[in-house]
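This is what each chain is made of:
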Number of protein chains: 2
Amino acid sequence: MKRQIWLTSLVLLGCIGAVQSVVAAEPIQPIEPVADVNLAEVELGKKLYFDPRLSKSGFISCNSCHNLSMGGTDNLKTSIGHNWQQGPINSPTVLNSSMNIAQFWDGRAADLKAQAGGPIANPGEMAFTHTLAVDVLKSIPPYVAEFKRVFGTDTLTIDQVTDAIAAFEKTLVTPNSRFDQWLLGDTGAISADEEAGYALFKNSGCVACHNGPAVGGNSFQKMGLVAAYDTKNPAKGLAGVTGKDADRFKFKVPTLRNVELTYPYFHDGEAETLTEAVDLMGRLQLGRKFSAEENASVVAFLKTLTGEQPSFMLPILPPSTERTPQPKPFD
Amino acid sequence: MKRQIWLTSLVLLGCIGAVQSVVAAEPIQPIEPVADVNLAEVELGKKLYFDPRLSKSGFISCNSCHNLSMGGTDNLKTSIGHNWQQGPINSPTVLNSSMNIAQFWDGRAADLKAQAGGPIANPGEMAFTHTLAVDVLKSIPPYVAEFKRVFGTDTLTIDQVTDAIAAFEKTLVTPNSRFDQWLLGDTGAISADEEAGYALFKNSGCVACHNGPAVGGNSFQKMGLVAAYDTKNPAKGLAGVTGKDADRFKFKVPTLRNVELTYPYFHDGEAETLTEAVDLMGRLQLGRKFSAEENASVVAFLKTLTGEQPSFMLPILPPSTERTPQPKPFD
């Protein structure tokens, strides 16, 4: 009996060793499920994420443009803001965004907490102010009680609001894609064509920027490295943050996780399909024209990156009271 | 032992008898949980209800104005439509709407299925066409497969779309409010003040229109019966449907179920609070000025009508494909 356990252990160790070596040898690592979350804070953050009362109109919530039914995006070229204003840039997915080197296409927010306050107060997005958002929440007793339970103080602040939204967003990871199953040793999880697409993705150089667990999100790169990118979008990228001319058109490399769901593509949202996006990336970044077969093969690989989408109950929001400032959609 | 069972049965029968007589004697009946649903159709309908691709912009879904996080309403005076158009009338709650005598404030749709197609094609709301909505769905293989599973045919039609949305909406009932618990015999479920509010609600005549399981929704009544209602809203009510002058300003009596969540009130959304709504109803419909104490007592009763909100997982929508017509938010 003892001998049998010993042998079984050896076999198990052998398997684990093999799996680890597959993972270690690849430039992409599996997404880890979230651990160590403060559940009470996550639940509060989920409510806030879905609450349109954080906008001037009472109509736009975080979920309006980072829709968790739709890959954490709005699937529009650029978003619709207060009074139907056309946004300046494509809304990046919130999925796996905690792995980003920084937030926004130009990286102007260091982390999710710093990002969360931006759209609330942006006149072209939710068009509210942090003070008014906090006033709304303070007028709603179940929110006041929930903030107190989570943060242990009687004062409700915008800092707590963005902290809770970020805590919720950190749970929005998408593990267990077919590609991750393959990385972890299940050789049947992706097809031969998809595996060939991955080989091409590596060999042709895509992986130079799209690597790590998020398959991107961890560096800034110039859009139009080999050939200039032709766009009407005036966004300057990282240069707008650093003021350095060398950073013009440098944008955060987007994650390719769930890329099948996060169309349209690029900071201007001009590539409607994965086929277009792969073709343009090949020509502009790698100086390579993928054949139709090669393109289809890379696209097939990219679709294996769709992971388990966040699964949760639609939150029920506590009602406003007679003291709650009224939304002003048409002012 | 036999004798004990016999006695227990007698006691149980006695209790059931008492509960039934309480219910039978009251003009309001408890909400029944839904039964006999086609789960596959409900799941499809839920996806469609949350899918903004049924709008021209790709931004507005049924849930935008009938938000299930917010009592099945948008909590705005009048809704925001395509291109931020201001809607002509307050969005009624979708909760318990299957009990309505007809749909819309003026009853122009006979049932939920007839209603569901309206906003999709209304130029001021989702601004799409039924043909384009069906084209979008037909371009998405998982939708095509799901329609086939539910309806057993290869043709995907707008009739099936509205049927599935209505099937989902029929599940949006809110049983087990504190008032229903009281109706069913739990005398401690509401306070003495709330019970006094209910007595006043009955004695002063509110219950003449707000009765039945939905506490309304089952008749059309003139807004401003005793005194004229002063509004800038041009809606004519039932007269717009029947063409009869006698039906001017007759609107469907709204359900008072979950009324704490469905602010603001009336077809023009001009009453921001329950206090205002109760005061106006007293003066305009009953020729009665409620004192501050009476008003508060009725409001306390109304808040016991908040039931269990629909509880379900946020649906994950199947992605568009290269064949899917693009949304046109800014055309």
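Bear in mind the structure is a predicted one, so any value in this text is a computation, not a measurement.

Cut-offs applied
Residue positions are given per chain, counting from 1 as you read along its sequence in written order. Throughout, the order in which chains and ligands are written sets their labels, letters from A for the former and numbers from 1 for the latter. Reporting in this predicted model follows two pLDDT cut-offs: at least 70 for local features of residues, and 80 or more for side-chain atom pairs to be given and counted; totals over whole chains, interfaces and linings ignore these cut-offs and use all residues. Calculation of side-chain values draws on the structure's entire complement of heavy atoms; hydrogens and water are dropped beforehand. The numbering of helices and of strands both runs from the N terminus, where a helix is a DSSP run of H or I of at least 4 residues and a strand a run of E of at least 2. The globule rule used here is 2.2 Å times the number of residues to the 0.38 power, and the radius of gyration it is set against is calculated over C-alpha atoms. Exposure is judged per residue with a 1.4 Å probe applied to protein chains only, and the accessible area is read against the type maximum: over 50% gives exposed, under 20% gives buried, and values in between give partly exposed. Any two residues whose heavy atoms approach within 4.5 Å are treated as being in contact. Under the convention used here, a 1.4 Å probe and the Shrake-Rupley method define accessible areas, while residue burial counts only the protein chains that appear. The positive count covers Lys and Arg only, the negative count covers Asp and Glu only, and His and the chain ends enter neither. We put the charge of a Lys on NZ, of an Arg on CZ, of an Asp on CG and of a Glu on CD. Two rings from Phe, Tyr or Trp (for Trp, the six-membered ring) form a pair when their centres are within 6.5 Å of each other. A pair whose planes differ by under 30 degrees is stacked, one over 60 is edge-to-face, and the rest are tilted. UniProt positions are given in the numbering used here, feature names are shortened, and annotations may be inferred rather than shown by experiment. Copies are brought into register by a least-squares superposition over C-alpha atoms of residues with pLDDT of at least 70 in both. What fixes the domain bounds is an automatic or database domain assignment. Two parts placed together each lose some accessible area under a 1.4 Å probe, and the buried area is that loss summed for both.

1. Examining the overall build of chain A
Working step 1: Scanning chain A from terminus to terminus reveals 12 helices and 2 strands.
Working step 2: Start at the N end of chain A and walk to the C end: the helices and strands fall as α-α-α-α-α-α-α-α-α-β-α-β-α-α.
Working step 3: Compactness check: chain A gives a C-alpha radius of gyration of 22 Å against a globular reference of 20 Å for 331 residues, within 12% of the reference.
Working step 4: Overall, chain A is about 65 × 65 × 30 Å in size when its C-alpha atoms are taken along their principal axes.
Working step 5: Burial status across chain A gives 53% buried among its 331 residues.
Working step 6: Within chain A, residue pairs in contact and separated by at least 24 positions form 70% of the contacts whose partners lie at least 6 positions apart.
Working step 7: Entry remark: accessible area of chain A is about 14600 Å², with carbon and sulfur atoms responsible for 57%.
Working step 8: Of the charged side chains in chain A, 29 are positive and 35 negative, and the gap between their average positions amounts to 3 Å.

2. Some thoughts on the packing of aromatic side chains
Residue and element names in this part refer to chain A.
Working step 1: This structure, assessed with the given rule, holds 30 aromatic pairs over all chains.
Working step 2: Measuring from centroid to centroid gives 5.1 Å for Phe-179 and Phe-301, while their planes differ by 75°, and the two rings are edge-to-face. On the criterion of sequence distance, the pair formed by Phe-179 in helix α8 (residues 178-183) and Phe-301 in helix α12 (residues 292-302) is long-range, its members being 122 residues apart.
Working step 3: Classification of Phe-179 as buried rests on a relative accessible area of 0%.
Working step 4: On the basis of relative accessibility, which here comes to 0%, the residue Phe-301 falls in the buried class.

3. Notes on the UniProt feature "domain: Cytochrome c" (unreviewed entry) in chain A
Working step 1: Here the UniProt-annotated "domain: Cytochrome c" (unreviewed entry) positions come out as residues 40-148 and 192-306 of chain A.
Working step 2: Regarding residues 40-148 of chain A, the helix share stands at 39% and the strand share at 0%, and the terminal C-alpha atoms are separated by 11 Å.

4. Topic: the relation of the copies chain B and chain A
Working step 1: Superposing chain B onto chain A requires a rotation of 180° together with a translation of 0.0 Å along the rotation axis, leaving an RMSD of 0.0 Å. A rotation of that kind, with that shift, is consistent with a two-fold axis. Across chain B, the rotation axis passes nearest the C-alpha of B:Met313, at a separation of 2.1 Å.
Working step 2: Interface residue correspondence from chain B to chain A reaches 100%, placing this contact among same-surface, isologous pairings.

5. Remarks on the domain arrangement of chain A
Residues and elements named next belong to chain A.
Working step 1: By domain assignment, chain A separates into domain 1 (39-170) and domain 2 (178-305).
Working step 2: For domain 1 and domain 2, the distance between their C-alpha centres works out to 27 Å.
Working step 3: With 23 residues of domain 1 in contact, the opposing surface of domain 2 contributes 27 residues.
Working step 4: Here domain 1 and domain 2 share an interface that buries about 1900 Å² over both sides, 60% of which is from carbon and sulfur atoms.

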